[in-house]
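So you can see what is in the structure, the chains are spelled out below.
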Amino acid sequence: MLKTILKSNTVKTMEKIAGRDNVLSSYDECYAYSTDSTNITNPKELAQVVVFPLNTTQVSNIMKYAYSKSIPVTARSAGTSVCGACLPKKGGIVLDFAKMDKILEINKDNLICRVEPGVVIETLQKEVEKYDLFYPPDPSNLKVSMIGGSIGLSSGGPHTFKYGSTKDYVIDLEVVTSDGTIMRTGSSCSKDVTGYNMTQLFVGSEGTLGIITQATIRLIPKPETKRVMLAYFDTLEDTSKAANDIISNLITPSVIDLMDKNTLRTIESFYPCGLLADKTAALLIETDGFKSDIDNQYNKIIEICKINNSSYIQTASNKEEEEKIWISRRSSFGATAKLAPNVLTEDVVVPRENIVPLVKGIWEICSRYELKTCIMGHIGDGNIHPNIALDLRNPIELNNFNKAKSELFELALSLNGRLSGEHGIGCEKSYFIEKALDPNNLKMMKQIKKLFDPKNILNPDKIF
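Residues numbered from 1 in each chain as written. Predicted model: local features only at pLDDT ≥ 70, side-chain atom pairs only at ≥ 80, totals over all residues. Heavy atoms only, no water.

(A) Seen up close, the overall build of the protein chain. Of the regular secondary structure elements, the protein chain holds 16 helices and 19 strands. Its C-alpha atoms give the protein chain a radius of gyration of 23 Å, within 12% of the compact-globule value 23 Å for 464 residues. Expressed along its principal axes, the backbone C-alpha trace of the protein chain runs to roughly 70 × 60 × 45 Å. Looking at the protein chain residue by residue over its 464 residues, the buried ones come to 57%. Carbon and sulfur atoms make up 51% of the accessible area of the protein chain, which amounts to about 20200 Å² in all. (Helix = DSSP H or I, 4+ residues; strand = E, 2+ residues; numbered from the N terminus. Rg over C-alpha atoms; globule rule 2.2 N^0.38 Å. Buried < 20%, exposed > 50% of the residue type's maximum accessible area, 1.4 Å probe, protein only. Areas by Shrake-Rupley, 256 points an atom, 1.4 Å probe, with all protein chains shown as cover.)

(B) Looking closely at the packing of helix α8 (residues 236–248) against helix α10 (residues 291–307). Relative orientation of the contacting elements α8 and α10 amounts to 145°, with a least axis distance of 9 Å. Between α8 and α10 the crossing geometry is right-handed. The residues of α10 that touch α8, namely those facing Ala 242, Asp 245 and Ile 246, are Ile 301, Ile 304 and Cys 305. Looking at the contact of α8 with α10, its residues break down into five nonpolar, no polar and one charged. (Axes fitted to C-alpha atoms, helices over the stretch in contact; angles between N-to-C directions. Left-handed = near helix turned anticlockwise from the far one by under 90°. Contact = heavy atoms within 4.5 Å. Nonpolar A, V, L, I, M, F, W, Y, C, P; charged D, E, K, R; others polar.)

(C) Representation of the side chain of Thr 208 within the structure. In this structure, Thr 208 sits in the loop between α7 (198–202) and β10 (211–218). Each residue touching Thr 208, except ones within four places of it in the same chain, is listed here: Lys 449, Asp 453, Leu 458, Asn 459, Lys 462 and Ile 463.

(D) Just helix α16 (residues 439–452), in detail. Taking 1.5 Å as the rise per residue, α16 with 14 residues should run 20 Å; its terminal C-alpha atoms sit 20 Å apart, in good agreement. Among all positions in α16, only Leu 442, Lys 449 and Phe 452 are buried. Considered in projection along α16, the buried side chains sweep an arc of 90° and stay on one side of the axis. In α16, the exposed positions angled more than 90 degrees off the buried face are occupied by Pro 439, Asn 440, Lys 443, Lys 450 and Leu 451. Summarising the contacts, the buried residues of α16 are in contact with α7 and α15 (433–436). Where α16 begins, one side-chain oxygen reaches toward the backbone nitrogen of Asn 440, 2.9 Å away; that side chain belongs to Asp 438. (Expected span 1.5 Å × (residues − 1). Arc of directions from axis to C-beta. Polar contact = N/O pair within 3.5 Å; in protein donor to acceptor, adjacent residues only side chain to side chain.)

(E) Fine view of the nonpolar core. In terms of nonpolar packing, the biggest core is built from 54 residues, with Ile 246, Ile 285, Cys 305, Leu 358 and Ile 362 touching the most fellow members. Ranked by residue count, the leading element in this core is helix α13 (residues 355–368), at eight residues. If sequence neighbours within four positions are ignored, Ile 285 has contacts with Arg 227, Val 228, Met 229, Ile 246, Pro 253, Val 255, Ile 256, Ile 301 and Cys 305. (Core = buried A, V, L, I, M, F, W, Y, C linked by side-chain atoms within 4.5 Å.)

(F) Quick look at the sheet that holds strand β1 (residues 23–24). Within the open sheet, the four strands sit side by side as β1-β2-β4-β3. Their pairing is mixed. Each edge of the sheet is formed by a strand with only one pairing partner; in this case those strands are β1 and β3 (73–76). Sheet strands touched by helix α3 (residues 56–69): β2 (49–51), β3 and β4 (93–96). Its angle to β4, the strand with the most contacts, is close to 170°. (Pairing = 2+ DSSP bridges.)

(G) Looking closely at α10. Spanning 17 residues, α10 covers 25 Å between terminal C-alpha atoms, matching the ideal 24 Å at 1.5 Å per step. Of the residues making up α10, those classed as buried are Ile 294, Gln 297, Tyr 298, Ile 301, Ile 302, Ile 304 and Cys 305. Buried residues along α10 cover an arc of 160° about the axis, so they all sit on one side. Within α10, the exposed residues directed more than 90 degrees away from the buried face are Ser 292, Lys 306 and Ile 307. Of the surrounding elements, those touching the buried residues of α10 are β12 (225–233), α8, β14 (281–289) and β15 (312–315). Phi turns positive, to about 70°, at Asn 309, one or two residues after α10.

(H) Spotlight on the environment of Asp 172. Position of Asp 172 relative to the elements: it lies in strand β8 (residues 170–176). For Asp 172, a relative accessible area of 3% gives the class buried. Along the backbone, Asp 172 and Gln 200 are 28 residues apart, and their C-alpha atoms lie at a distance of 8.9 Å. When residues no more than four places from it in sequence are discounted, the contact partners of Asp 172 are Arg 184, Thr 185, Gly 186, Ser 187, Thr 199, Gln 214, Ala 215 and Thr 216.

(I) View of the pairing of strand β16 (residues 342–345). Alternating residues of β16 divide into Asn 342 and Leu 344 and Val 343 and Thr 345, and every residue in both groups is buried. Looking at chain direction, β16 and strand β19 (residues 383–390) are connected through four bridges and run antiparallel. Across the sheet, Val 343 pairs through a bridge with Ala 389, a residue of β19.

(J) A look at the sheet that holds β8. Strand order in the open sheet formed by five strands is β5-β6-β10-β8-β9, with antiparallel pairing between adjacent strands. Both outer strands of the open sheet, β5 (103–107) and β9 (182–184), are each paired with one neighbouring strand and no more. Averaged over all neighbouring strand pairs, the angle between strand axes comes to 10°, with direction disregarded. Here three bridges tie β8 to β9, and the two strands are oriented antiparallel to one another. Looking at the pairing, Val 175 lines up with Met 183 of β9. Where α3 meets the sheet, it contacts β8, β9 and β10, and its direction lies at approximately 50° from that of β8. Along the sheet face, helix α4 (residues 121–129) touches β5, β6 (112–115) and β10 and points at about 35° away from the line of β5.

(K) Structural detail: the pattern of salt bridges. Tallying each qualifying case throughout the model produces 24 salt bridges. In this structure, Lys 143 and Glu 122 form a salt bridge, with 2.9 Å as the shortest nitrogen-oxygen distance. Within this pair, whereas Lys 143 is found in the loop between β7 (133–134) and α5 (147–153), its partner Glu 122 is found in helix α4, the two being separated by 21 residues in sequence. Lys 279 is the salt-bridge partner of Asp 234, the closest N and O atoms lying 3.6 Å from each other. (Salt bridge = Lys/Arg side-chain N within 4 Å of Asp/Glu carboxyl O.)

(L) Looking closely at the environment of Gly 361. With respect to the helices and strands, the residue Gly 361 is situated in helix α13. For Gly 361 and Ala 412, which are 51 residues apart along the polypeptide, the C-alpha to C-alpha distance reads 9.3 Å.

Below, the structure written as structure tokens:
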């Protein structure tokens, strides 16, 4: 009875703050907004109410109420997290930022833009390109992924190798803390060492320290041109050595991504685009920059791939062929989804020298547990993504997946790697965090969490 009264009062308060049209509270509505791409929604862990705030003041007032009643609050963007980062594990309030979707400023002179958290990344990229500017971070779900979630998880994408990930572009944030305080963390200056770097503390914090309501993002000039190719190999060793040799020859491709044999076969089976499905692996390589330099780099890369026994090199001679290659790369998840009712994507990162034992280890683990897996990832920075197809309704498959996942994390750590390169920890990897971090480091993180969120109402049960 007490919970029912509290929910009723909470819903009424949310409607008063944000307006009735911006509040959802039925069971079905709360269920829909208590999910993400992990497919692990627990009916016992649903939000009480979902709110679509329209501005920072509303977010502040919501947090003041939540703090006074010790109600958990989970920030949500597009819900594409694959680590359970936006699941409301303790119920409470879900803040969905789909309606805070304005690009507030694009400043070509200062090479910055200001955005609200609900701006879709692809939309931002297209808008800044009108000014001949470039925002490089491009997660595979960029057509729906929003800036707020991208900052919360410090997401990356294929262009991370050359240009860096989200953390390298965020220079200022407007944040609402757990008690409703509004604070700014940085400035619009390209350089700023005035005190602690509070901005980077919030980037990648998964909404556990504060709610991001605005971001100032660094931009760069748009490259003049680009070239794209696919290089196929018959062994994983040749594939890895080719990638390393390209980099050691002082060439920095904008993208150097790996697709393994299962990925090539699966994509070609369901989205035919001319891939050579009989090869062990392929490298998708993109170079960009000034046209006068690109052709020289491109020819050197082809030569290096041939020296490393590339069995076939597919080059794109126009934008249509470039797009065809990129469609094949971005179809990897969708193709894997054709193999079983569910696909779970993992995310580990190792030093590049350990790519071969990592990929072979994943093949062995998944084979032993009879799991269908398609491996792709950013070989340039050692970030590998096994896409595992299974039926979550099958208890044997689910149990095998959980065992395989634990072994995958152990393997990555044994190869001097980390649990995540760009997807975050969420609740899916939190049980493994103590094995991955220095104990004093972990202790300090928990103290920071307690300082910013003494009542533990900001996205509880994530990371730790």
